[in-house]
Amino acid sequence: MSEIVLDEEEVDILREIANIGSGHAAASMEKWLERDMVLEVPQAFLVPVEEVAEHIGDPLQTIICVYTRVEGDITGHLLYSLTLDDAKALLDILLDPEDRRWGFSPDNLSAIAETGNILFSAYISAVSQISGLELVPGPPACAADMLEAVVNTVLLEICEGSEHTLVLETKFHGEGLSSVGYVLFLAENEALKRLVQRVEAD
Amino acid sequence: MPKRIIVKMGDLAVSDQEGDILTSVLGSCVGVILFDRGSSLTGMAHIMLPEKGKGMSEGHRKAKYAAPGVLALVREMVEKGARRQDLFAKLCGGARLFGENSLQNIGERNIAMTRAALRKLNIPIQAERVGGETGRNVSVEVGTGRVVIRVAGGQTEVI
């Protein structure tokens, strides 16, 4: 993979693409959780790979992360990441408190993975629509671990030794609730360029 | 004053100041810790990838790839006064966080390439905690050689 080289205008377009993707993802979350969602404006940061974790949060905090690889005309990567508090807020909505025990139980993780899956599908289909590129999400994988360990593990699998990466981050809040996690979109230089070109052409 | 030195991904650090702590958070990355039998010199390299693949950049980080990373750490230890034949190692990391059937298994390859690099340099591995499915927060205490490993959820182990 070659290094990411993007000018400000291209980053702006990508942030807008992330905004549209996240908007659709939030709409799907509203249906799934049966409550209004509030989106923060997506952030775009181009940083050295070893600094991504600290840009997102405390490297040592435990997070729950759902990952999927986006295939099709371009390859990209989506992560849905929640702090433990986010995960609790989410599970309180999804599961009957009487029925669930707190912890990384298979039921809890699978409810979170399913939420990630719903977010990803909506995000990808929106990006696919505005770019005209065919994009298909892979099966989601879930991990609960220290933020830096999780983020670096994913980055190394996908960045193939490149020095920098562009992270498109959107935070999600439920109406009247604390955060219910954030979505990160990552892709390689060529994929990002193609996305920009396709959206610009329209 | 003892310092806490964070060894970032792809980086390495060496210290002989007793009480200093070298620390890293490792997922699929491998932490190589070297000790010198004759002094308190202690070093840690935070290996990112098994080897430089086609089209991958060299980069500016000394410990990005396993073999050159181990070599760079050994050189720095020797430059600071360690005897090469007195070096021994402890290894941590190389986990597979997302379980089977997902992503590649860079952790396993990181472990294999790091072990091979140490073997080639005749550096024995005294202890290791590698593989598995959990990330590790690793802290090495210069002087005592104690390596404290914490996993998410709070369990702690010393090797």
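Before reading on, note that the structure itself is shown above.
Structure report, in brief. Just so we're clear, the structure is a prediction, and the values are computed from it rather than from any experiment.

Some thoughts on the interface of chain B and chain A
The partner chain A presents 28 residues to the 33 residues of chain B that form the contact. For the pair chain B and chain A, the summed buried area comes to about 2500 Å², and 62% of that belongs to carbon and sulfur atoms. If you look at where chain B meets chain A, you find three residue pairs in polar contact (both at pLDDT 80 or more). Where the side of chain B that touches chain A is concerned, the elements lending two or more residues are β3 (21-26) and β8 (136-141) of chain B. Considered class by class, the residues forming the side of chain B that touches chain A number 14 nonpolar, 13 polar and six charged.

As for the packing of helix α4 (residues 106-131) of chain A against helix α6 (residues 189-201) of chain A
Residues and elements named next belong to chain A. It is the contact of α4 with α6, at a shortest axis distance of 8 Å, that shows an interaxial angle of 55 degrees. Here α4 is positioned oblique relative to α6, judged by the angle of their axes. Between α4 and α6, the contacting residues are Val127, Ile130 and Ser131 on the first element and Leu195, Arg198 and Val199 on the second. Across the contact of α4 with α6, the residue classes break down as four nonpolar, one polar and one charged.

Things to note about the environment of Val5(A)
Residue and element names in this part refer to chain A. Inspection of the secondary structure assignment puts Val5 in the segment before α1 (8-33). Exposure remark for Val5: the relative accessible area of 53% places this residue in the exposed category. Along the sequence, Val5 and Ala141 sit 136 residues apart, while their C-alpha atoms lie 29 Å from each other. Once residues lying within four places of it in the same chain are set aside, the contact partners of Val5 are Glu10, Asn189 and Lys193.

Focus: the pattern of salt bridges
Counted under the stated rule, the structure contains eleven salt bridges over all chains. Of the charged contacts, one joins Glu157(B) and Arg129(B) as a salt bridge, the two residues approaching to 2.7 Å between their closest N and O atoms. Linking Glu157(B) in strand β10 (residues 156-158) with Arg129(B) in strand β7 (residues 125-130), this pair joins segments that are 28 residues apart in sequence. Exposure remark for Arg129(B): the relative accessible area of 31% places this residue in the partly exposed category. Salt bridges here are not isolated pairs; linked through shared partners, they connect Glu51(A), Glu54(A) and Lys8(B).

Some thoughts on the sheet that holds strand β1 (residues 4-6) of chain B
All names here are of chain B. One open sheet accounts for five strands, arranged β1-β3-β8-β9-β10; its pairing is mixed. If you trace the sheet from one side to the other, it starts and ends with β1 and β10, each paired once. Averaged over neighbouring strand pairs, the angle between their axes works out to 20 degrees when direction is ignored.

Digging into the layout of surface pockets
A volume near 210 Å³ is recorded for the second largest pocket. Lining the second largest pocket are 15 residues, and of these Pro59(A), Leu60(A), Glu148(A), Ile6(B) and Val25(B) lie nearest its centre. Sorting the residues of the lining of the second largest pocket by element identifies α2 (52-56) of chain A together with β1 and β3 of chain B as the ones contributing at least two each. Of all the elements, β3(B) adds the most residues to the lining of the second largest pocket, at three residues. When the residues that make up the lining of the second largest pocket are grouped by side-chain class, the tally is six nonpolar, three polar and six charged.

Criteria and thresholds
Residues numbered from 1 in each chain as written. Chains lettered and ligands numbered in written order. Predicted model: local features only at pLDDT ≥ 70, side-chain atom pairs only at ≥ 80, totals over all residues. Heavy atoms only, no water. Contact = heavy atoms within 4.5 Å. Buried area = accessible area lost by both parts, 1.4 Å probe. Polar contact = N/O pair within 3.5 Å; in protein donor to acceptor, adjacent residues only side chain to side chain. Helix = DSSP H or I, 4+ residues; strand = E, 2+ residues; numbered from the N terminus. Nonpolar A, V, L, I, M, F, W, Y, C, P; charged D, E, K, R; others polar. Axes fitted to C-alpha atoms, helices over the stretch in contact; angles between N-to-C directions. Parallel < 35°, antiparallel > 145°, perpendicular 65-115°, else oblique. Buried < 20%, exposed > 50% of the residue type's maximum accessible area, 1.4 Å probe, protein only. Salt bridge = Lys/Arg side-chain N within 4 Å of Asp/Glu carboxyl O. Pairing = 2+ DSSP bridges. 1 Å grid on protein atoms, 1.4 Å probe; cavity = no way out; pocket = protein on both sides within 12 Å on 5 of 7 lines; lining within 4 Å. Points joined across faces, edges and corners; volume = space filled by probe spheres on them.

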